[in-house]
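Residue strings, one per chain:
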Amino acid sequence: MSLLPVEEALARVLAKARPREETERLALHDCLGRVLAEDLAARLTHPAFDNSAMDGYAVRHEDIAEIGAELAVIGQSAAGRGFRGEVKRGEAVRIFTGAPLPTGADTVIVQEDIEILEGARVRTLFAPAKGRHIRLSGQDFEAGELALFGGSVLDAGRLTLAASMNHDCLPVFGRPRIAILATGDELLPPGSSPGPDQIIASNTFGVAAIARENGAEILDLGIVADDRAAIAAAVAEAQSADIDVLVTLGGASVGDHDLVQSTLLGCGMTLDFWRIAMRPGKPLMVGELAGITVLGLPGNPVSSLVCALLFLEPLTRKLAHLPPRSRLTTARLAADLPANDRRQDYIRARLTVGPDGSLLAEPFSRQDSSMTKIFAQSDGLIVRPPQAPAAATGDLCPVLKLREPV
Ligand SMILES: Nc1nc2c(c(=O)[nH]1)N[C@H]1C(S)=C(S)[C@@H](COP(=O)(O)OP(=O)(O)OC[C@H]3O[C@@H](n4cnc5c(N)ncnc54)[C@H](O)[C@@H]3O)O[C@H]1N2
Ligand code: MOO
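Residues numbered from 1 in each chain as written. Chains lettered and ligands numbered in written order. Predicted model: local features only at pLDDT ≥ 70, side-chain atom pairs only at ≥ 80, totals over all residues.

Under an unreviewed UniProt entry, the name given to the protein is Molybdopterin molybdenumtransferase, and the source organism is Sinorhizobium alkalisoli. Note on the protein: under the UniProt heading Catalytic activity (unreviewed entry), the record states "adenylyl-molybdopterin + molybdate = Mo-molybdopterin + AMP + H(+)". Of the comments in the UniProt record for the protein, the one headed Sequence similarities (unreviewed entry) reads "Belongs to the MoeA family." (UniProt positions renumbered as here; feature names shortened; annotations may be inferred.)

**Student:** Please clarify how the overall build of the protein should be interpreted in this entry.
**Tutor:** For the protein, the count of helices and strands is 7 helices and 26 strands. Over its C-alpha trace the protein gives a radius of gyration of 31 Å, far above what one expects of a compact globule, namely 22 Å for 406 residues. For the protein, the C-alpha atoms occupy an extent of roughly 95 × 50 × 40 Å along the three principal directions. For the protein, with 406 residues in total, the buried portion stands at 38%. Put simply, of all contacts in the protein between residues at least 6 apart along the chain, 72% involve residues at least 24 apart. (Helix = DSSP H or I, 4+ residues; strand = E, 2+ residues; numbered from the N terminus. Rg over C-alpha atoms; globule rule 2.2 N^0.38 Å. Buried ≥ 20, exposed ≤ 12 C-beta atoms within 10 Å, placed from the backbone. Contact = placed C-beta atoms within 7 Å.)

**Student:** Any chance you could explain the packing of helix α1 (residues 6–16) against helix α6 (residues 301–319) here in plain terms?
**Tutor:** Packed helix pairs are specified by the crossing angle of their axes together with the interaxial distance, meaning the distance between the axes. Close contact between α1 and α6 brings their axes to 10 Å; oriented N to C, the two are set at 30°. One finds that α1 runs roughly parallel with respect to α6. For the crossing formed where α1 meets α6, the hand is right-handed. Note on element contacts: α6 touches α1 through L310, F311, P314, L315 and K318, opposite V6, L10, V13 and L14. When the residues that make up the contact of α1 with α6 are grouped by side-chain class, the tally is 8 nonpolar, no polar and 1 charged. (Axes fitted to C-alpha atoms, helices over the stretch in contact; angles between N-to-C directions. Parallel < 35°, antiparallel > 145°, perpendicular 65-115°, else oblique. Left-handed = near helix turned anticlockwise from the far one by under 90°. Nonpolar A, V, L, I, M, F, W, Y, C, P; charged D, E, K, R; others polar.)

**Student:** Looking at this model, I keep getting lost on the sheet that holds strand β8 (residues 114–117). Mind explaining?
**Tutor:** Strands in a sheet are paired, the pairing made by backbone hydrogen bonds, and the direction either parallel or antiparallel. One open sheet holds the 6 strands; their spatial order is β7-β4-β6-β5-β9-β8, and the pairing between them is mixed. Looking at strand neighbours, the two that pair on one side only are β7 (107–110) and β8, the edges of this open sheet. Within this sheet the neighbouring strands show an average axis-to-axis angle of 40°, counted without direction. With 4 bridges connecting them, strand β4 (residues 56–59) and strand β6 (residues 91–95) associate as antiparallel partners. Across the sheet, the residue bridging to V59 is A92, located in β6. (Pairing = 2+ DSSP bridges.)

**Student:** Is there a simple way to think about the site of ligand 1 in this case?
**Tutor:** Around ligand 1 sit 27 residues, and of these G250, A252, S253, P298 and G299 come closest. For the shell around ligand 1, the secondary structure elements donating two or more residues are α3 (203–213) and α6. Among the residues making up the shell around ligand 1, the classes are represented as 11 nonpolar, 13 polar and 3 charged. (Near = placed C-beta within 6 Å.)

**Student:** Got a minute to help me understand the packing of α3 against α6 in this structure?
**Tutor:** For the pair α3 and α6, interaxial distance at closest approach is 9 Å and the crossing angle is 20°. By the criterion of interaxial angle, the relationship of α3 to α6 is roughly parallel. When you trace α3 past α6, the crossing you get is right-handed. Residue-level inspection shows N203, G206, V207, I210 and A211 of α3 in contact with α6, the latter providing P301, S304, L305, A308, L309, L312, E313 and T316. By residue class, the composition of the contact of α3 with α6 is 8 nonpolar, 4 polar and 1 charged.

**Student:** Where do I start with the nonpolar core in this structure?
**Tutor:** Note on soluble globular proteins: their nonpolar side chains tend to be buried together. If you look at the biggest cluster of nonpolar residues, it comprises 80 residues, and the most contacted ones within it are L181, V207, L246 and V247. At 11 residues, the largest contribution of residues to this core is made by α6. For L181, the contacting residues outside a window of four places in its chain are L221, V224, A234, A238, L246, T248 and L249. (Core = buried A, V, L, I, M, F, W, Y, C linked by C-beta atoms within 7 Å.)

And the structure:
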């Protein structure tokens, strides 16, 4: 049986993926992590007027070139309430951070460098350079300037800039829509009381989390039995829901009750490939059904999560216009590992930071793909390429980070 290498399988999944083109306008608070769909022009100039960067006194530089100059304070300029008059020879205006620079003034002296005298007069204790502590109009951006660009992921800095450009809503790309269907006669939702031979369906939640973390909206189609008609009905429901990706869980292998692939083929799916040279996750299936990418993930929880990290995450990010996310790093092995066979291995491991700051990866001794607790305790996956020779404690190894080590 030939198995497709992981990298080739991923390249094939991504080659066909078309990023979602529809856009929507969202209020700024709802834009975090979304991708800007168009270049954005500033709706005003920022700063809109010359203003003070400090609390102090607005002065004419020629009056304060020498330390010890005495000035008459003729008024004040506060943020939101500027001084309307003009600063003339020998005069100063009390000014606060953000307040408009009065006409005539060209420099601000901070109040720490001023001695207050009797009768609304001040004396300078320092001679700042001309223009000191003044934020010039337009020094941030000019009205009409394109300062944010389509394709940018909206983060704290970009959202602040968008707001200061006077945009209350932003055009963003729509989220990819991903339907998840769990299959299996034995499955019940969390919170149920399992009868004999029944188990709780857990995969949906981790797979959905991976998709959502990467910008997708989830349609949970629930659980269907190992029954062609039931699977076909759920697939039809998914197709009518304007989805980009259908993820099926379970029923992907070769058992008599593994009906997902054959049912989907009956629904009109074109099979791209099935079976990957990876462990866990070998029975992964990829196909296309009327423009929808179908990812058939194996039922073992760890297998489905590893497949979701390796395939669904990059696919979702591409559909969402998000840049690829690299989880790859390097760590030192904290245990010996045997030589590998033909499947690329993803070994659950605890990650710690050693005393010298280097990353250590300690593989769990049990790697069964049904063990959800060990996966939850894993901070990373040690990647063992096909036919990798035995590795010794202390050797460097590639690791996919699942979370930051503590
Ligand atoms: N003769 C062979 N048997 C198996 C092979 C093989 O190559 N030859 N491959 C094995 C591998 S590898 C995997 S992985 C599994 C994948 O099996 P399926 O995708 O068909 O999944 P199921 O049989 O439906 O379930 C496997 C396992 O996972 C449990 N499960 C299923 N769905 C869920 C869910 N939503 N939440 C939690 N647990 C779930 C299910 O009860 C089974 O225990 O096949 C091997 N067999
Ligand atoms: O490859 Mo299966 O995914 O062993 O667990």
